[in-house]
Amino acid sequence: MGLLARAGAELSQRAEDADVIVVNTCSFIESAQEESVNTILEMAAHKTSGRAKKLVVAGCLVERFRDEIRRRIPEVDAVVGTGELEKILSATGIEYPAPRTAPANNPLVVLTSRAEGDARAAQGRFSREGWDGAIADLPNYLYDEETPRVLATPKSTAYIKIAEGCDHPCTFCIIPQLRGQFRSRRFESVVAEAERLARNGVREITLIGQDTTCFGEDFGLKDGLALLLEKLAAIEELRWIRFLYAYPNKITGRLLETIASSDKICSYMDVPLQHASASVLKRMKRGGGSDVFLRSIAKMRRAIPGLTLRTSFIVGFPGETEAEFEELCDFVREAQFDWMGTFSYSDQDGAAAYGLDKKLSTREIERRRKHLMGIQRQISKKKKKALVGQEFDLLLEGISDETDLLMEGRTAMHAPEIDGKVFVNDFDEGLEPQPGEFYRCEITEAHDYDLVARIL
Ligand code: SF4
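Scoring rules and cut-offs
Residues numbered from 1 in each chain as written. Predicted model: local features only at pLDDT ≥ 70, side-chain atom pairs only at ≥ 80, totals over all residues. Heavy atoms only, no water. Pairing = 2+ DSSP bridges. Helix = DSSP H or I, 4+ residues; strand = E, 2+ residues; numbered from the N terminus. Phe/Tyr/Trp six-rings, centres within 6.5 Å; stacked < 30°, edge-to-face > 60°. Buried < 20%, exposed > 50% of the residue type's maximum accessible area, 1.4 Å probe, protein only. Lys NZ or Arg CZ within 6 Å of the ring centre and 35° of its normal. Right-handed = clockwise from strand over helix to strand, strands pointing away. Near = heavy atom within 4 Å. Nonpolar A, V, L, I, M, F, W, Y, C, P; charged D, E, K, R; others polar. Axes fitted to C-alpha atoms, helices over the stretch in contact; angles between N-to-C directions. Contact = heavy atoms within 4.5 Å.

### Re the pairing of strand β14 (residues 422–426)
Right, on to step 1. Of the pairings in the sheet, the one linking strand β13 (residues 407–410) to β14 comprises three bridges and is antiparallel in character. Its bridge partner being in β14, Gly409 is matched across the sheet by Val422.
Right, on to step 2. The sheet contact formed by β14 and strand β16 (residues 451–455) spans four bridges and is parallel. Bridge pairing links Val422 to Leu451 in β16.

Here is the structure:
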């Protein structure tokens, strides 16, 4: 969006108003692929019966089915993979006014890799051989601080992607084949971007990447994420900084100390564990198990007082026995997460787990998902109730999506978009709460996942 806007395009969210429609796609699991294809077909109708002259498909579906998209959906004029973002201009037919050239001593992007990633590459982890319709080249693109951006988030909050790709061997996941080998953005580039965002009114930064905890390893940096967090916390205008998607065995003591030592770095950890049974985790090629994870959670809670802990699990992995599932349920009861997501295993052609036998029925997977979420609902209810009467800083987001009568916001315990909500139903007469501003609030009511607060 930033590249297009800088080149003079006027952005519209209404497909019926657009001359060029860009569909940005996901290809992580089958349901995402279906949703992407349905959206492309829906948008193609604007070309035949509406104003649109061009239809461009971008993103991960292009990495998976590049040739097939063009062959099967003739309305598509151009495709843009995740590694060729800057081609969005030629694809849409908009000329780039002045192409960027990197100064000789300051390359815009330095491509690096981790030894672990190189070894996995040699073993074929990133191979797309056998993927019908995909091209062989892996994406290696990274944006930098000069890349123009249009924020799609409310003005006070922004995501910053600090790395791309993933070197892990998880057998259910094709993200490494879609996104390529792990590579970090330059440290200074991330800081420069955060400074610019902060100058433009952003107060909350969420660092993302397929694997944020490996940040800097490809540059030989030790504890790169901790160093980056420290540096970002020194940016005066920023109030909240957090990162998502920590890989369990990459959480170092230094990282925990860094989080604990700064008021600006949210006491919030998102560690997708995927399962708790050692045998299932072994089949997932992730390692760990309930005992190891419980010890690690205790360490995190000791190091960071008041820690908010989020995780996610996959249920119904091939061969998951009733006993293995029960182990996961017991683990969830014991670990007492603040936030938890559960995903149903989805068979994905091209992932190693696709070839495993003893697949579970969709019905059984759904039963397990509901059962696990039922356990978490009770935990969440109890945890949210304990917050009643406590005071927190709240970032007001605006009128609630659910009713015009309430406003809603988030505390540092709530990452944008994924966690529960805080509804605001009470504030002093005369106060006109403004979206994007912080307010001190008191929690007055608790529901299973959501909270109600009054501005003090
Ligand atoms: S760490 Fe995450 S992105 Fe990487 S392979 Fe595993 S599930 Fe996929």
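### Re the packing of aromatic side chains
Right, on to step 1. Throughout the structure, instances matching the rule amount to seven aromatic pairs.
Right, on to step 2. With 6.2 Å between their ring centres and 85° between their planes, Phe313 and Phe331 make a pair best called edge-to-face. Of this pair, Phe313 sits in strand β10 (residues 308–315) while Phe331 sits in helix α12 (residues 322–335), placing them 18 residues apart in sequence. The pair formed by Phe313 and Phe331 is uniform in burial state, with each residue classed as buried.
Right, on to step 3. Arranged with centres 6.0 Å apart and planes meeting at 70°, the rings of Phe313 and Phe337 form a pair that is edge-to-face. Here Phe313, found in strand β10, pairs with Phe337, found in the loop between α12 and β11 (339–344); they are 24 residues apart in sequence, far enough to count as distant.
Right, on to step 4. Connected via pairs of aromatic rings, a cluster forms that spans Phe293, Phe313, Phe331 and Phe337.
Right, on to step 5. Positioned over the ring face of Tyr143 is Arg185, at 4.1 Å from the centre of the ring.
Right, on to step 6. Its end group placed over the ring of Phe438, Arg239 keeps NZ or CZ at 4.1 Å from the ring centre.

### Structural notes on the pairing of strand β8 (residues 240–243)
Right, on to step 1. Going residue by residue along β8, you find Trp240 and Arg242 tucked away on one face and Ile241 and Phe243 tucked away on the opposite face as well.
Right, on to step 2. One ladder, built from four bridges, connects strand β7 (residues 204–208) with β8; its direction is parallel. If you follow Ile205 over to β8, its bridge partner there is Ile241.
Right, on to step 3. Where the polypeptide runs from β7 across helix α8 (residues 224–233) and back to β8, its parallel neighbour, the crossover connection is right-handed.

### Concerning the site of the ligand
Right, on to step 1. Lining the immediate environment of the ligand, one finds Arg125, Cys166, His168, Cys170, Phe172, Cys173, Ile175, Pro176, Tyr247 and Arg286.
Right, on to step 2. Per-class residue counts for the shell around the ligand are seven nonpolar, one polar and two charged.

### Looking at the sheet that holds β16
Right, on to step 1. Pairing within the closed barrel is mixed, and its five strands lie in the order β12-β13-β14-β16-β15. Across the sheet, the axes of successive neighbouring strands diverge by a mean angle of 55°, strand direction being ignored.
Right, on to step 2. Pairing of strand β15 (residues 438–446) with β16, which is carried by five bridges, proceeds in the antiparallel orientation. Bridge pairing in β16 links Glu445 to Val452.

### A look at the environment of Ile418
Right, on to step 1. Inspection of the secondary structure puts Ile418 in the loop between β13 and β14.
Right, on to step 2. Of the residues examined, Ile418 reaches a relative accessible area of 39% and is grouped as partly exposed.
Right, on to step 3. C-alpha of Ile418 to C-alpha of Val190: the two residues are 228 residues apart in sequence and 23 Å apart in space.
Right, on to step 4. With sequence-adjacent residues up to four places away left out, Ile418 is seen in contact with Leu244, Tyr268 and Arg310.

Read these as layout, nothing more, since geometry by itself doesn't imply function.
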